[in-house]
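Descriptive structure summary
Chain residues, written in single-letter form:
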Amino acid sequence: MVSRVIPVDDFDLVIFGGTGDLARRKILPGLFRRFRSGQMPADSRIIGAARSELDTSGYRAMIREAIVEFGGDEKSDTDTLDQFLNALEYVAIDAKGEGGWSELKSLIRDKVIKAFYFSVAPSLFGDLAERLHAHEIADADSRIVVEKPFGRDLASAQALNATLAEHFDERQIYRIDHYLGKETVQNLMAVRFGNVLFEPLWNSHYVDHIQITVAETVGVGGRGGYYDKSGAMRDMVQNHLMQLLCLIAMEPPSVFGANEVRDEKLKVIRALQPVEAHHIVRGQYDASDDAASYRADVENPRSFTESFVAMKCHVSNWRWSDTPFYLRTGKKMKARTSEIAVVFKDLGHKMFEGDSARHRNILAIRLQPNEGMDLQVTIKEPGPGGMRLIDVPLDMTFADALGDDAEDATDAYERLIMDVIRGNQTLFMRGDEVEAAWAWTDPIIEGWEARNDVPKLYDAGSAGPDDAMMLMHRDGRRWRDIKG
Ligand code: NAD
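Okay, so let's go over this structure. (Residues numbered from 1 in each chain as written. Predicted model: local features only at pLDDT ≥ 70, side-chain atom pairs only at ≥ 80, totals over all residues. Heavy atoms only, no water.)

Description of the site of the ligand
Around the ligand sit 20 residues, and of these Thr19, Asp21, Arg25, Ala95 and Val120 come closest. In this structure, a nitrogen atom belonging to the ligand sits 2.8 Å away from a side-chain N or O atom of aspartate 21. At a separation of 2.8 Å, an oxygen atom of the ligand approaches a polar backbone atom of valine 120. Here the ligand, which alone exposes 840 Å², has 73% of that area covered by the protein. (Near = heavy atom within 4 Å. Polar contact = N/O pair within 3.5 Å; in protein donor to acceptor, adjacent residues only side chain to side chain. Areas by Shrake-Rupley, 256 points an atom, 1.4 Å probe, with all protein chains shown as cover.)

Some points on the sheet that holds strand E7 (residues 207-215)
Backbone-to-backbone hydrogen bonds pair the strands of a sheet. The strands run either parallel or antiparallel. With mixed pairing, the 9 strands of this open sheet are ordered in space as E14-E13-E12-E11-E7-E10-E9-E8-E15. Of all the strands in the sheet, just strand E14 (389-397) and strand E15 (456-458) have a single pairing partner and so form its edges. Mean inter-strand twist for the sheet, computed between neighbouring axes without regard to direction, equals 20 degrees. Of the pairings in the sheet, the one linking E7 to strand E10 (residues 324-330) comprises 6 bridges and is parallel in character. Pairing of isoleucine 212 across the sheet is with leucine 327, part of E10. Helix-sheet contacts for helix H15 (residues 431-451) involve strand E8 (280-285) and strand E9 (308-314), and the interaxial angle to E9 is about 125 degrees. (Pairing = 2+ DSSP bridges. Helix = DSSP H or I, 4+ residues; strand = E, 2+ residues; numbered from the N terminus. Axes fitted to C-alpha atoms, helices over the stretch in contact; angles between N-to-C directions. Contact = heavy atoms within 4.5 Å.)

Side note on the layout of surface pockets
Each pocket or cavity is described by its volume, and for the second largest pocket that value is around 760 Å³. In this structure, the second largest pocket is lined by 30 residues; those nearest its centre are Ile362, Gln376, Trp479, Arg480 and Asp481. Elements supplying a minimum of two residues to the lining of the second largest pocket: E7, strand E11 (337-344), strand E12 (362-368), strand E13 (372-380) and E14. Here the element with the most residues in the lining of the second largest pocket is E12; it accounts for 4 residues. Classifying every residue of the lining of the second largest pocket gives 7 nonpolar, 10 polar and 13 charged. (1 Å grid on protein atoms, 1.4 Å probe; cavity = no way out; pocket = protein on both sides within 12 Å on 5 of 7 lines; lining within 4 Å. Points joined across faces, edges and corners; volume = space filled by probe spheres on them. Nonpolar A, V, L, I, M, F, W, Y, C, P; charged D, E, K, R; others polar.)

Comments concerning the sheet that holds strand E6 (residues 173-175)
A sheet is described by the order of its strands in space; here 6 strands give the open sequence E3-E2-E1-E4-E5-E6, paired in parallel fashion. Each of the sheet's edge strands pairs with one partner strand only, and the pair in question is strand E3 (88-92) and E6. On average, each strand axis in the sheet is inclined to that of its neighbour by 20 degrees, with strand direction left out of account. With 6 bridges joining them, strand E1 (residues 11-16) and strand E4 (residues 113-118) adopt parallel strand pairing.

A closer look at the packing of helix H1 (residues 21-36) against helix H14 (residues 412-422)
A pair of packed helices is characterised by two quantities: the angle between their axes and the separation of those axes. Between H1 and H14, whose axes approach to 8 Å, the crossing angle comes to 65 degrees. By the angle between their directions, the pair H1 and H14 is classed as roughly perpendicular. Crossing hand, H1 versus H14: right-handed. Residues Leu22, Lys26, Ile27, Gly30, Leu31, Arg33 and Arg34 of H1 form the contact with H14, whose own contacting residues are Tyr413, Glu414, Ile417 and Met418. (Parallel < 35°, antiparallel > 145°, perpendicular 65-115°, else oblique. Left-handed = near helix turned anticlockwise from the far one by under 90°.)

Things to note about H1
Its 16 residues give H1 an end-to-end C-alpha distance of 22 Å, which sits within 8% of 22 Å, the value for a rise of 1.5 Å per residue. A maximum bend of about 30 degrees is found in H1 at isoleucine 27, where proline proline 29 lies one to four positions downstream. Buried within H1 we find Leu22, Ala23, Ile27, Leu28, Pro29, Gly30, Leu31, Phe32, Arg34 and Phe35. At the exit of H1 stands glycine 38, carrying a positive phi of roughly 95 degrees. (Expected span 1.5 Å × (residues − 1). Bend = angle between axes of the 7 residues up to and from the residue. Buried < 20%, exposed > 50% of the residue type's maximum accessible area, 1.4 Å probe, protein only.)

Describing helix H7 (residues 183-194)
Taking 1.5 Å of rise per residue, 12 residues should cover 16 Å, and H7 covers 15 Å from first to last C-alpha, within 8% of that figure. Within the span of H7, buried status applies to Thr184, Val185, Asn187, Leu188, Met189, Val191 and Arg192.

Some thoughts on the side chain of serine 307
Position of serine 307 among the secondary structure elements: in the loop between helix H11 (294-297) and E9. What makes serine 307 buried here is its relative accessible area of 0%. A polar atom in the side chain of serine 307 sits 3.2 Å from the backbone nitrogen of tyrosine 285. Not counting residues up to four positions away in its chain, the partners in contact with serine 307 are Tyr227, Ala232, Gly283, Gln284, Tyr285, Tyr294, Thr329, Gly330, Lys331 and Tyr458.

A look at the pattern of salt bridges
This structure, assessed with the given rule, holds 42 salt bridges. Here aspartate 127 ties to arginine 131 by a salt bridge, and the two come within 3.8 Å at their closest N and O atoms. Within this pair, aspartate 127 and its partner arginine 131 are both found in helix H5 (residues 125-134), separated by 4 residues, close to a single helical turn. No difference in accessibility class separates aspartate 127 from arginine 131, as the two residues are buried. In this structure, a network of salt bridges that share partners links the residues Asp208, Asp346, Arg358, Arg360 and Arg477. (Salt bridge = Lys/Arg side-chain N within 4 Å of Asp/Glu carboxyl O.)

Looking at the environment of aspartate 395
Among the structural elements, aspartate 395 can be located in strand E14. Excluding residues within four positions of it along the chain, aspartate 395 makes contact with Arg366, Met373 and Asp374.

Written out as structure tokens, the structure is:
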């Protein structure tokens, strides 16, 4: 298979928060990979802008260390790493003051694409947007990239959208949800809309239910203070899980264009029914022999914040009227895995005598680990024992199927940044999508707050509280095993 890397146009990318955790762990190691592959033109520049009083050589040294720590095998290519670091500049800047802005302006070139990555707290978005214009750094073609969290409820998301809209058109705003940059997520659209096999079956007539699981093994780590004010619903469901649900459930757009895709996703969110309280289970991880409880981790002994949530939702439209969607996400679970499983219905008629087992086709789309898909199909068990049936996976692990090309598969962040430079918004959330998602989650969260809902405790390393199992069992269904 021939790998085709098409270089993007020459650009200047300013990373506000360029010394922060996200920039060092994800953004810059990703950009180095794009540089090394030839996709980032050698003349392009990356300008770190943050509060630390560093000069450019100090910044380059910091990013060299970051790439050595967080990069993959490519970090051993020290010649190319040196060339990449030469493309880096640094400006000490204050988002809330005037320091550093004229220096930044002097670094930005005229005739290249200008992108500004806001890798800082959302409370600084307005200050940055305002100063980029006041200092005439941004122009009508400049792009800004904003990170989650995009608001903590509908009102704050609307306020944030309004602030950005004062300075930038929607076509200039790239709201990142890195789940959408994953290879498998895009493959999900290719599988659905590029094959004749699946789309005719993709509806309530053939699909019994859909499960979306995003399980982490880590706890809240150093983010306890932030996480305790947020919880799994705000941190994971409102954005990542809902985006996955949209891609699975949406109608085929007329063309694969940014607004066409996002229009269809928006229709799914608007078709989501309010969730009944007994269709949601909230959980909080308990202490185990060797690890602290959630409450100890966040240093809040009375915390009612959930580190786990499982729910049953309905998309109220023609295609999905009878197919429930079960969503589940949590921390300190038994394995780290993200997958979407489309569970098809049983055969109506059983013609193989003596086979009483339940056989179901399941299309499982694995986002991590081991990105790929498998389709569970029923075949005859080998051997002379008659027509006994077993279920086996038709496995398509990208690394096996695509060989060297899979090795070169880009990480979500780097792919999305290249999309920003190309001006392709398909994999970014539009403002109205984000607001619609909050409009759906707000009443759920408000209900918990009004009832002082106490999350159920679950053991670290488990699949969540028992009630989450019951949510499915009551419907005669079961969750798939959480396997790493
Ligand atoms: P961080 O605290 O590690 O870094 C913050 C950066 O902002 C630093 O470079 C700091 O110098 C800069 N900064 C702070 N105040 C400033 C000011 N007044 N003027 C100019 N620069 C200022 O944060 P982070 O983890 O890198 O996260 C950045 C953003 O990305 C946050 O909004 C966070 O919620 C979001 N995010 C982070 C991650 C992650 O994995 N770290 C994941 C998703 C989203």
